[in-house]
Amino acid sequence: MTFRFILFQLTLLVLLACSKDDTAAPNTTDTVVKVDGTNFLSGGLAEPISIVSKTLSTGATVDCYKIVTKSTPPDHDMGPWCPSNISDDASKGGIWLEGGQVYDVDGAFIKNLATFYNNTTWQMYNTSTGAITKTLTQADCQAAANPNVGVQYKNYCVECLPSYVSTLTKTIYIPVTPVKLTSPVSFGAGPMAVPSIRGIAFNGVVFDAPAPVSAILGAYTLAPFDDAGGHINIGAGYHYHAATGKSTKIIQTDGHAAMIGYALDGFGIYENQNTAGVEDTDLDASRGHYDSIRGYHYHVAKAGTNSFINSLAGAYVK
Ligand SMILES: [Zn+2]
Ligand SMILES: [Zn+2]
């Protein structure tokens, strides 16, 4: 009897001690999934991934992954972007995103631009040979693939080739353990205090801010994305504007959408639809939600939207 009583008291003590621990930190009932550095493909990185101490937007100094990416995917080809002739089929060109839809940039698409955009200024090919007017050199790409497109590139299909950016690297830091904020952080529009890139795919390619489509179209240029949703500019290298399912993904065993990378706050990024082809309806304004397996995580918007996630629900590296 005495022994049982002592055992009971010991059990109670242990229980009390545990519950005290649990209430010491907020939200311990929520699963927090750490970033797994081994998910990144070493072939996409310029140096092995490492852990360094960095300061978060919350002011806390924590362990963060330092990811030095080559912005060159080892898991799929880059390009093509611009077809060469209006007779070219879809295998010779990339895609364009308009009105939430994904269009193949084949020769017929280029030929049809004046009708597509209901504006006869569009004339991106030679009417006698069918040759499509496109950037052919690094200097062309540099001058045309920026928001202030020179007027001499009016009616050009703009593409920058991997050889122009083969030595470029980019360093990205993400917290090893994501920290959810009480209110999300809006993305910046450029080199501001808040980040503009959304996250990083397992192959090291950045999920970028939306492409400045109105500036591109306003100059009567087209800067197609390849079938993986990426294209190149000289400053950023190869980067994604749409998730089309070509980059490495981690299949989930429970029918949940596959994982495709991490957001800048360290929360996982998953595909738009689950294995049954259904999009979640309970996403918050950032495009995230919670489950006990994956913790808080995001689902990307559909490829045609020229976007991924809407804001960062967690702290990012300053
Ligand atoms: Zn871009
Ligand atoms: Zn989910």
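Structure: see above.
Not measured: the values here are computed from a predicted model. Residue indices begin from 1 for each chain and proceed along its sequence in written order. Whichever chain is written first becomes A and whichever ligand is written first becomes 1, with later ones labelled in order. It should be noted that, the model being predicted, local features are given only for residues of pLDDT at least 70 and side-chain atom pairs only at 80 or more, the latter also being counted only at that level, while totals for whole chains, interfaces and linings use all residues. Excluding hydrogens and water, the side-chain values take into account all heavy atoms of the structure.

A.B. asks: What is the right way to read the nonpolar core from this model?
C.D. replies: Proteins that are soluble and globular tend to have nonpolar side chains buried together. Grouping buried Ala, Val, Leu, Ile, Met, Phe, Trp, Tyr and Cys residues that are joined through side-chain atoms within 4.5 Å yields what is termed a nonpolar core. Relative accessible area decides the class of each residue, using a 1.4 Å probe on protein chains only: under 20% of the type maximum gives buried, over 50% gives exposed, and in between gives partly exposed. Counting residues in each nonpolar core, the largest one holds 49 residues, and the members touching the most others are Phe-40, Ile-174, Tyr-240, Tyr-298 and Leu-312. Strands are runs of DSSP state E lasting at least two residues, helices are runs of H or I lasting at least four, and both sets are numbered from the N terminus onward. At four residues, the largest contribution of residues to this core is made by strand E13 (residues 259-263). Three or more residues apiece are contributed to this core by two domains, here domain 1 (37-74 + 169-211 + 242-314) and domain 2 (90-166 + 215-240). It only takes one pair of heavy atoms within 4.5 Å for two residues to be counted as in contact. Apart from residues lying up to four places away in sequence, Tyr-240 is in contact with His-76, Ala-201, Asn-203, Val-205, Val-206, Phe-207, Asp-208, Ala-228, Gly-229, Gly-230, Ser-247 and Phe-308. In this structure, Tyr-125, Tyr-153, Ala-211 and Phe-225 belong to the second largest nonpolar core, which totals 30 residues. Where each domain begins and ends is defined by an automated method or by a domain database.

A.B. asks: Help me understand the coordination of the zinc ion (ligand 1) in this model?
C.D. replies: Each pair of donors in an ideal octahedron of six around a metal sits at 90 or 180 degrees, and each pair in an ideal tetrahedron of four sits at 109.5 degrees. Donor atoms: N, O and S within 2.8 Å of the metal, or within 3.2 Å for Na, K and Ca. Because water is excluded, sites can look incomplete. Only His-231 (NE2), His-239 (NE2) and His-241 (NE2) from the protein coordinate the zinc ion (ligand 1), and they sit 2.0 to 2.1 Å from it. Each donor residue of the zinc ion (ligand 1) lies on one chain, and together they are spaced H-x7-H-x1-H. The class for His-239 is buried, based on a relative accessible area of 3%.

A.B. asks: What exactly am I supposed to notice about the pairing of E13 here?
C.D. replies: Counting buried positions over the five residues of E13 gives five, a clear majority of the element. In this structure, strand E8 (residues 199-201) lies alongside E13, joined through three bridges in antiparallel fashion. Following the sheet pairing, Ala-201 is matched in E13 by Gly-261. Paired strands are those between which DSSP finds at least two bridges. With three bridges joining them, E13 and strand E14 (residues 268-270) adopt antiparallel strand pairing. Bridge pairing in E14 places Met-259 opposite Tyr-270. Counted along the chain from E13 to the antiparallel partner E14, the turn is four residues long, and its residue Gly-266 has a positive phi close to 95 degrees.

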